[in-house]
Amino acid sequence: MKKNKTKVCAIALWLATFVSTSLFGAEADSTGAGSASAAAGTKLTLTVQDAVSLAEKNSRTLKSAQIDVAVKERTGKYGWNVLLPTVNVTGTMSRTSEYSPSTKAYANIFSALSQGAISMPTDYADEEAHWSTIGGVAVSWNFNLALIQAIHASKVAYESGKISLKQSQREVNTQIRKLFYGLLLQQEALKIQQTTLENSRQRMTQSQTNFRNGSVPELSFLQAQVSYQNMVPEVENSKSALRQNLDMFAFLLGVPVGTEIELVGAIEPTYIDVDADELLAKYGGNNLDIQSLRTNIEAMKIKLSITSLSTWTPSLAVSYGYQPVYIGSDGAWHFYKGIGKDEDWYNSGSLSLTLAWNLTNMLPWSSNMQGYKDDQATLAKLELSLETLLENQKVEVRKAVDTLNQARAQIDAMGRNVDVAQRAYDMIMRQYRNGMAELLDVRDTENQLNQAKLGQLQQKNNYISALMDLEQALNVGLTRPPVSDAKTE
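Residues numbered from 1 in each chain as written. Predicted model: local features only at pLDDT ≥ 70, side-chain atom pairs only at ≥ 80, totals over all residues. Heavy atoms only, no water.

Next up on the list: the overall build of the chain. When you go through the chain residue by residue, the secondary structure sums to eleven helices and eight strands. Counting across all 489 residues of the chain, residues that qualify as buried make up 38%. Accessible surface, the chain as shown: approximately 26,600 Å² in total, 54% of it carbon and sulfur. (Helix = DSSP H or I, 4+ residues; strand = E, 2+ residues; numbered from the N terminus. Buried < 20%, exposed > 50% of the residue type's maximum accessible area, 1.4 Å probe, protein only. Areas by Shrake-Rupley, 256 points an atom, 1.4 Å probe, with all protein chains shown as cover.)

At their nearest, the axes of helix α6 (residues 146–213) and helix α7 (residues 218–253) sit 8 Å apart, and the two run at 160° to each other. In terms of orientation, α6 lies roughly antiparallel with respect to α7. Of the two elements, α6 crosses α7, and the hand of that crossing is left-handed. (Axes fitted to C-alpha atoms, helices over the stretch in contact; angles between N-to-C directions. Parallel < 35°, antiparallel > 145°, perpendicular 65-115°, else oblique. Left-handed = near helix turned anticlockwise from the far one by under 90°.)

Turning to the pattern of salt bridges, a few remarks are in order. Note that side chains of opposite charge can pair when their charged atoms are close. If you walk through the whole model with that rule in mind, you get eleven salt bridges. Among the ionic pairs, Arg-201 bridges to Glu-198, the shortest N-O distance being 2.6 Å. On the criterion of helical spacing, the pair formed by Arg-201 and Glu-198 is a turn pair, its members being three residues apart in helix α6. Of the residues examined, Arg-201 reaches a relative accessible area of 32% and is grouped as partly exposed. In this structure, Asp-375 engages Lys-303 in a salt bridge whose closest nitrogen and oxygen atoms are separated by 3.5 Å. Taken together, the residues Asp-375 in helix α10 (residues 367–433) and Lys-303 in helix α9 (residues 288–312) connect sequence positions 72 residues apart. (Salt bridge = Lys/Arg side-chain N within 4 Å of Asp/Glu carboxyl O.)

Each turn of an α-helix holds 3.6 residues, which means side chains three or four residues apart point in the same direction. If you check which residues of helix α8 (residues 276–283) are buried, you get Ala-276, Leu-279, Leu-280 and Tyr-283. Across the axial projection of α8, the buried residues extend over an arc of 100°, all falling on one side. Across α8 from its buried face, at more than 90 degrees, point the exposed residues Glu-278, Ala-281 and Lys-282. Those residues of α8 that are buried lie in contact with α10 and α11 (439–474). With a side-chain oxygen lying 3.1 Å from the backbone nitrogen of Asp-277, the N-terminal cap of α8 falls on Asp-275. (Arc of directions from axis to C-beta. Contact = heavy atoms within 4.5 Å. Polar contact = N/O pair within 3.5 Å; in protein donor to acceptor, adjacent residues only side chain to side chain.)

This part covers helix α2 (residues 48–58). Considered for burial, the residues of α2 that qualify are Val-48, Ala-51, Val-52, Leu-54, Ala-55, Glu-56 and Asn-58. The elements touched by buried residues of α2 are β1 (43–46), α3 (60–77), α6 and α7.

With that settled, consider a nonpolar patch on the surface. Together, Val-87, Val-89, Val-137, Tyr-320, Tyr-322, Leu-351 and Leu-353 make up a nonpolar patch on the protein surface, roughly 700 Å² of accessible area in all. Within the secondary structure, Leu-353 is located in strand β8 (residues 350–356). (Patch = residues over 30% accessible without salt bridge, like charges linked within 9 Å, V, L, I, M, F, W, Y side chains within 5 Å.)

Next up on the list: the nonpolar core. The biggest cluster of nonpolar side chains holds 55 residues, and the ones touching the most others in it are Ile-176, Phe-180, Leu-183, Phe-249, Leu-253 and Leu-263. Residue assignment for this core shows that the elements contributing at least two residues are β1, α2, α3, α6, α7, β4 (260–263), α10 and α11. Top element by residues in this core is α6. It accounts for 15 residues. Ignoring anything within four residues of it in the chain, the contact list for Leu-263 reads Leu-46, Phe-180, Leu-183, Leu-184, Gln-187, Leu-246 and Phe-249. In this structure, Val-397, Tyr-463, Ala-473 and Leu-474 belong to the second largest nonpolar core, which totals 18 residues. (Core = buried A, V, L, I, M, F, W, Y, C linked by side-chain atoms within 4.5 Å.)

Right, let's get into the packing of aromatic side chains. The relation between two aromatic rings is expressed through the spacing of the ring centres and the mutual angle of the planes. Tallied over the full model, the rule gives three aromatic pairs. An angle of 85° between the planes, with centres 5.7 Å apart, marks the rings of Phe-180 and Tyr-181 as edge-to-face. Of the two residues examined, Phe-180 and Tyr-181, each falls in the buried class. Here the aromatic rings of Tyr-271 and Tyr-463 are separated by 5.0 Å at their centres, their planes lie at 70°, and the arrangement is edge-to-face. (Phe/Tyr/Trp six-rings, centres within 6.5 Å; stacked < 30°, edge-to-face > 60°.)

Next up on the list: the confidence of the model for the chain. Looking at the chain as a whole, its pLDDT mean stands at 80, while 81% of the residues score no less than 70. When mean pLDDT is taken per element in the chain, α9 scores highest with 93 and helix α1 (residues 2–21) scores lowest with 45. Long-range and interchain partners of residues 1–40, a stretch whose pLDDT sits below 50, account for 91 contacts in this model, where long-range means more than four residues apart. Contacts from residues 118–122, a stretch scored under 50 in pLDDT, to residues over four places away or in other chains number five contacts. (pLDDT = per-residue confidence, 0-100.)

Once that is clear, we can look at unusual backbone geometry. The phi angle at Asn-475 is positive, at roughly 50°, despite the residue not being glycine. Tracing the backbone through its elements, the reader meets Asn-475 in the segment after α11. Taking the relative accessible area as the measure of exposure, Asn-475 reaches 22% and is therefore partly exposed.

Turning to the packing of α6 against α10, a few remarks are in order. Direction vectors running N to C along α6 and α10 enclose 20°, while the axes themselves pass 12 Å from each other. On the basis of their axis angle, the class for α6 and α10 is roughly parallel. In this structure, α6 meets α10 at a crossing whose hand is right-handed. Along the contact surface, α6 presents Asn-199, Arg-203, Gln-206 and Ser-207, while α10 presents Tyr-425, Met-429, Tyr-432 and Arg-433. Here the residues of the contact of α6 with α10 sort into three nonpolar, three polar and two charged. (Nonpolar A, V, L, I, M, F, W, Y, C, P; charged D, E, K, R; others polar.)

It is worth spelling out the layout of surface pockets at this point. The volume enclosed by the largest pocket comes to roughly 480 Å³. Considering the residues around the largest pocket, the lining is formed by 23 residues, among which Glu-396, Asp-469, Leu-470, Gln-472 and Ala-473 are closest to the centre. Of all the secondary structure elements, the ones that give two or more residues to the lining of the largest pocket are α6, α9, α10 and α11. The residue makeup of the lining of the largest pocket, split by class, is six nonpolar, ten polar and seven charged. (1 Å grid on protein atoms, 1.4 Å probe; cavity = no way out; pocket = protein on both sides within 12 Å on 5 of 7 lines; lining within 4 Å. Points joined across faces, edges and corners; volume = space filled by probe spheres on them.)

If you want it as structure tokens, here you go:
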């Protein structure tokens, strides 16, 4: 049983390592798990797809990625707004320290006052003469060919965001599936331990009966009793480890910790016959990392184009201003009386067209050109990274295919070993019951049977895990429907 215990501990350690390095970290939202947000202590039955759906629903990583995509989608949709003109409307009343009675309003006022035609308090007339009323509508529009590329850049950024969201979703899907089958493996290992424990208990009971009947010495009974009692804490430790991992699994899914989870499924892989070269030729371009890197390369090329256009092409600035100034005889404070009377207003607006060209940015040693060269270097590095990623994909796919083939061969071989070990165990048990075999022989044969069963389960889990790695490397569902795109609405 020591070897079985070691394997069970290894499984638990693998699960703990997986959880600690999982992309979720502490991201699961334990306060909003929808219909699965049962109170602690209730039972939740999950298939592998149910677990994936819960994780996708409650993962903060995906929620954050969806927000990012929504922002980039809006930016890409309205990226053309860089071509909109700027329109400002103003209304100004200004007071000068000194006045000059040169306007029509002031001239009329002072002429009437001097002739005694009107009567106005001197302080009022003097004060209003200091004021002027001015309106304003200013329209400006700047254009450079680089703006067209900026619109394109916003759309590429949106596509990059969608790919990032798919990457996050694919990672959540794969990691949860691996953890689900890892927990199933741990459960099956515990069942093997419990079966072994029950067999040991039955042997202890039989030895006790045989000892009382005088057919075996007391030493045989004591050995059977010690063997049974030694197994009890091992099984309890395995139960505790499984319970802790199920609690962590519940946390990652976004359900209350303490919820009893029942996993529905079996470690039974769907076998496929694949060829690495055919897979690469057919699905190699589906890899999300490759798609993301190619999008980044496209974005960097657009950035270089923007810099080049803004440097080597002039910018056009169009500005138009309409600025009416009230010059009516009623004075600045009574400008409303002149509304609709063109003769009471003077337009001091203007139209200008400016063609600007920054010659400094063209200098080879300018900060603009140095930044352009830095971006060229970055583009070269990205292209090298793409080449590396493409080669690495070939390695990963070939490795996954080899693992699939090896695991399948091991599964078949271990299946035969299980049959042989089961026959050997049944034979030794018959001999033991007839007093023709020692307890040590029974334990050794039982350990061999358990190792064969657990080894076969581990190889099946390895096959499932390698298949998931292969599907992720190619971004394709070889045995199940592909991962659906997350909604961005």
